[in-house]
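Observations on the three-dimensional arrangement
For reference, the chains in residue letters:
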Amino acid sequence: MPVMKRKTTNFIIRTLAVYVGLIVISFLYDFALVESGGNVQYVKFYGVAKWTTLTYAWIVFHNKVLVTQLLLNGKKIYYALLVVPAIAIYAWLFQYAMGEVDMYRGTITSLLVFTIIGTAIYLAWLYIDERSNFFQLSALKRELEIQQLKTQLNPHFLFNSLNNIYSYNLKNDTYGNDLILKLSQLVRFIVESSKLDAIPIKDEISFIENYIAFEKERLGTRCEIKFVKDLSDPERRIPPLILFPFIENAFKHGSNTIRNFLIEISIDQDAKQIRLFTKNVIYPSVSTSTKTGLTNIQRRLELLWPASHTLDIKTKGEYFIVDLVIQGHAN
Amino acid sequence: MRIRVMIIDDEPRSHIILEDYIERIPELQLTGSFLNAISAHEHLKTNNVDLIFLDITMPEVDGFSFLRMLDHQPHIIIITAHSEFALESYEYNAVDYLKKPVSFERFTKAVNKVIQQVDHLPGRLTTGQIELKIDREIKTIPFNTIRYFQSLGNYIKVITEHQTYLSQATTQDIERLLPRELFIRIHKSYIVNRSKIEKVNEDTVTIGTIHLPIGKTFKKYVRDSVAK
């Protein structure tokens, strides 16, 4: 999981930087107070380092465990019940570690002050992070809306589909009527879903099925399509057009040949996750930019589920394979 | 003379429409339908085609690449779902540019342009021979019997081994019809069969007992291309 790994590394680096910074500031502050004497200074410095470490460890624990897991996670009562005993126990251990047994009240006060400051900084940082994520998401969404109208259902796809329908009607074949209904559903999905944040997964699937029906008409017998789906909860909501770009990409690149070819697609949903798998043959001499078509959807996935999706895109011999897993259906 | 046509389009359903339209126009005669440019190119090696209905976006070899592969380009009508290739199609002298889905009326209009152009020509080419309009009749003359063409104002004289024909055509019309590897223009009024040339002098080309003049502006061209 590259996204998660990056997040963890960022967190460790940030924590270390703040910690080192605090130690340096404490030392500089103490330099001004302590006048002279080698041994005394050493003892003093050791004490300052210990104090800073213990205070900082508490702030990190409070922010990462108590605030993140309880307070911000809808467990406010647990937080209220736990924070007081936690600070009391920690203060007692703190003064014991510092060897200043009679300073319990002072230790509690200083811990409280630093906890308030630390939490304020942490919450402010979380807020800023969320805002910037939110703006990026809404900008992307706007981009997507425009794209959907412009390229997702691109005019060539539309005109080719109309041409195929026309070919049936010209021969008085009533299958043309079925195709007209399918095309109406396709267009309606694009027009209506682009306004929504989430849609039932079954809607996205039937959109994909309609799309495949038209690709079949366009490509004729040289194209074989294996489409498998298994939905445990068809009503479960997901953001629109999360799966479709991978299908479109498979057809775009998989069909660029005069030989017969196969495109494999499977969509599986269970209580824990959604999994999309596509496999198509790739023709290196013709298509050079297979992955560029997917950059937009990759960015969208990262913003929507930074830690709960995995996307594996690879070229294996003459095959191009996409394996996407979205965990917990977060929406 | 029916116009020999072929279809090149990677979408099978497009063939159904075009074949239906072609059948309705008696002047057209379908010689083949192809789903890609490569098999179409093979077909052209052994068949004579006057008009191609050509799609642009196709796998592996697109329509324009296909046109660049051709030595002798027949009339081209482009039929595509895209509108952005219209400008480029002019560079390939396409007769018309049709956007899918195409109505029969629009299709007919494009085909009529080709019919008019073909009617203006004095004849047409088939493998190893030329079909020429002579006295309102079509005469088939094999290339290997032709010695040379001589222009006489609005008429052109075809001098073969045993006969002479007169057809209403200009030197340009005939030159455009003939394959360059077999015939060469040596003068404003003369086109000769390369294989009949016995001798090339500074100012004349000798075929049997006849000496034909080389035009001033054609001297360098004749020297360079006959020497090969």
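Residues numbered from 1 in each chain as written. Chains lettered and ligands numbered in written order. Predicted model: local features only at pLDDT ≥ 70, side-chain atom pairs only at ≥ 80, totals over all residues. Heavy atoms only, no water.

Quick word on the overall build of chain B
- Helix and strand counts for chain B stand at 7 helices and 16 strands.
- Looking at chain B residue by residue over its 228 residues, the buried ones come to 52%.
- A sequence separation of at least 24 residues applies to 50% of the contacts in chain B between residues at least 6 apart.
- Total accessible area on chain B is roughly 11700 Å²; 48% of this is exposed by carbon and sulfur atoms. (Helix = DSSP H or I, 4+ residues; strand = E, 2+ residues; numbered from the N terminus. Buried < 20%, exposed > 50% of the residue type's maximum accessible area, 1.4 Å probe, protein only. Contact = heavy atoms within 4.5 Å. Areas by Shrake-Rupley, 256 points an atom, 1.4 Å probe, with all protein chains shown as cover.)

Considerations on helix H6 (residues 175-193) of chain A
Residue and element names in this part refer to chain A.
- If you check H6, its first and last C-alpha atoms are 27 Å apart, about what 19 residues at 1.5 Å a residue would give, namely 27 Å.
- Within the sequence span of H6, burial applies to Gly176, Leu179, Leu183, Leu186, Phe189, Ile190 and Ser193. Projection of H6 onto a plane perpendicular to its axis shows the buried side chains occupying an angular sector of 145°, all on one side. (Expected span 1.5 Å × (residues − 1). Arc of directions from axis to C-beta.)

Describing the pattern of salt bridges
- Tallied over the entire structure, the rule returns 20 salt bridges over all chains.
- A salt bridge links B:Asp10 to A:Arg222, with the nearest nitrogen and oxygen atoms 3.8 Å apart. In this pair, B:Asp10 sits in the loop between strand E1 (3-8) and helix H1 (12-24) while A:Arg222 sits in the loop between helix H7 (201-219) and strand E2 (223-231), so the two residues belong to two different chains. Side by side, B:Asp10 and A:Arg222 carry an identical accessibility label, which is buried.
- Put simply, B:Asp9 and B:Lys100 hold a salt bridge, and the shortest N to O gap is 2.9 Å. Pair noted here: B:Asp9 is in the loop between E1 and H1 and B:Lys100 is in the loop between strand E5 (96-99) and helix H5 (104-120), with a separation of 91 residues, a long-range link.
- Bridged by salt links that share partners, the residues A:Lys171, B:Asp20 and B:Arg24 form one connected network. (Salt bridge = Lys/Arg side-chain N within 4 Å of Asp/Glu carboxyl O.)

Some thoughts on the sheet that holds E1(B)
Residues and elements named next belong to chain B.
- Taken together, the 5 strands give an open sheet; going across it, the order is E2-E1-E3-E4-E5, and neighbouring strands pair in parallel fashion. Pairing within the sheet leaves two strands with one partner each, and these edge strands are strand E2 (28-34) and E5. Direction aside, the axes of adjacent strands within the sheet are offset by 20° on average.
- Where E1 lies against E2, 6 bridges are found, and the strand directions are parallel. Bridge pairing in E2 places Met6 opposite Gly32.
- Against the sheet, H1 touches E1, E2, strand E3 (51-54) and strand E4 (75-80), its axis set at about 165° to E2.
- The strands that H5 touches are E1, E2, E3, E4 and E5; relative to E5, the one it contacts most, it runs at about 165°. (Pairing = 2+ DSSP bridges. Axes fitted to C-alpha atoms, helices over the stretch in contact; angles between N-to-C directions.)

Structural notes on unusual backbone geometry
- With an omega of -10°, the peptide bond running from B:Lys100 to B:Pro101 counts as cis.
- Inspection of the secondary structure assignment puts B:Pro101 in the loop between E5 and H5.
- One non-glycine residue, A:Asn172, lies in positive phi territory at about 55°.
- Relative to the helices and strands, A:Asn172 resides in the loop between helix H5 (155-170) and H6.
- Located in the positive-phi region is B:Glu60, a residue other than glycine, with phi close to 70°.
- In this fold, B:Glu60 is placed in the loop between E3 and helix H3 (63-69).

So, a nonpolar patch on the surface
All names here are of chain A.
- On the surface, Ile89, Trp92, Leu93 and Tyr104 cluster together into a nonpolar patch covering about 410 Å² of accessible area.
- Considering each element in turn, the nonpolar patch owes the most residues, 3 residues, to helix H3 (residues 76-98).
- Its place among the elements puts Ile89 in helix H3. (Patch = residues over 30% accessible without salt bridge, like charges linked within 9 Å, V, L, I, M, F, W, Y side chains within 5 Å.)

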